[in-house]
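Chain residues, written in single-letter form:
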Amino acid sequence: MTEPSKPGPAAEVGLDLIAPEMLAPALRRLTLAALGVGVGVGLLLALVVHWTVALAAAIVLGAPTALYAMAVQRRRIRLAGTELRTRTWRGERRLNLAEATGMEIVVHPGKLSRIVLRVTAGPETRVVPLAMYTDSGSGRELHILGLRKLADGLASCPLAAALAISGMLVQQLRAEARDANAEERPLYRAVQLVRVRDVVSAIVLSDSDIAELAR
């Protein structure tokens, strides 16, 4: 008799809106530039002030930008089954979408508007970027595989909001599959919905907003 095969671990899919590989060269250059500016200013100041003052100035000028760039290089958002895994400079944290206690779609309006999924499970909150758009409708959207896996993961959550958002992402997938224009894509329509309200602060879409976008 053959033993039944055991399911392996769920394959991970990246949910980064911009692939880390695309950002890495620019972030490395930014890190080196920040360090170079700090060292250069420190050496110049060392000629006229005490070395401790010059060192402090070098650290203040170069360190924050360099540390920020290095922290961004470490950031990753991945999904394995229903488990959302986020990695930052502080390490990796995990949140199970199936056990979420709250779920919202948040739009940050502006010249470059962003739309994100905000998930809460107990004290933990994670944000997954879904898309960003300019006023003209151009921009970047989460890739198709990421959208599909995210929609599947949300469908496993018993929350009504999760099921509605999953339906909206499915409509986004269908629009992308037929290469629909921006006005036919739910994520872009969500951004437009907020822009016409003439607000500058982030807006959480209502249940009726999401239901309309999922049609």
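Heads up: the structure comes first, above all this text.
Parameters at a glance
- Residues numbered from 1 in each chain as written.
- Predicted model: local features only at pLDDT ≥ 70, side-chain atom pairs only at ≥ 80, totals over all residues.
- Heavy atoms only, no water.
- Helix = DSSP H or I, 4+ residues; strand = E, 2+ residues; numbered from the N terminus.
- Expected span 1.5 Å × (residues − 1).
- Buried < 20%, exposed > 50% of the residue type's maximum accessible area, 1.4 Å probe, protein only.
- Axes fitted to C-alpha atoms, helices over the stretch in contact; angles between N-to-C directions.
- Parallel < 35°, antiparallel > 145°, perpendicular 65-115°, else oblique.
- Left-handed = near helix turned anticlockwise from the far one by under 90°.
- Contact = heavy atoms within 4.5 Å.
- Nonpolar A, V, L, I, M, F, W, Y, C, P; charged D, E, K, R; others polar.
- Salt bridge = Lys/Arg side-chain N within 4 Å of Asp/Glu carboxyl O.

S.K.: Describe helix 4 (residues 160-177), with residues and values.
M.R.: In this model, helix 4 (18 residues) spans 26 Å end to end at C-alpha, consistent with the 26 Å of a helix rising 1.5 Å per residue. What helix 4 keeps buried is the set Ala162, Ile165, Ser166, Met168, Leu169, Gln172, Leu173, Ala175 and Glu176. Two residues or fewer past helix 4, Asp179 is found with a positive phi of approximately 55 degrees.

S.K.: Could you give me a rundown of the packing of helix 3 (residues 144-155) against helix 4, with the residues and numbers involved?
M.R.: Between two packed helices, what matters for the description is the angle formed by their axes and the separation of those axes. Viewed as axis vectors pointing N to C, helix 3 and helix 4 meet at an angle of 155 degrees, and their least axial separation amounts to 8 Å. One finds that helix 3 runs roughly antiparallel with respect to helix 4. Crossing handedness for the pair helix 3 and helix 4: left-handed. For the pair helix 3 and helix 4, the contacting residues are Ile144, Leu147, Arg148, Leu150, Ala151, Leu154 and Ala155 in the first and Ala162, Leu163, Ile165, Ser166, Leu169, Val170, Gln172, Leu173 and Glu176 in the second. Within the contact of helix 3 with helix 4, the residues separate by chemical class into 12 nonpolar, two polar and two charged.

S.K.: Explain the pattern of salt bridges to me, using residue names and the numbers behind them.
M.R.: Enumeration according to the criterion identifies 15 salt bridges in this entry. With its nearest N and O atoms 3.1 Å apart, the salt bridge here joins Glu83 to Arg94. One end of the pair, Glu83, is in strand 3 (residues 83-88); the other, Arg94, is in strand 4 (residues 91-96), with 11 residues separating them in the sequence. On the accessibility criterion, Arg94 (47% relative accessible area) is partly exposed. For the salt bridge of Glu124 with Arg93, the shortest nitrogen-to-oxygen distance reads 3.9 Å. Here Glu124 is found in strand 7 (residues 124-134), whereas its partner Arg93 is found in strand 4, with 31 residues between them in sequence. Here Glu124 falls in the partly exposed class, since its relative accessible area comes to 29%. Within this structure, Glu12, Arg78, Glu83, Arg85, Glu92 and Arg94 form a network of salt bridges that share partners.

Nothing here speaks to function; it is geometry throughout.
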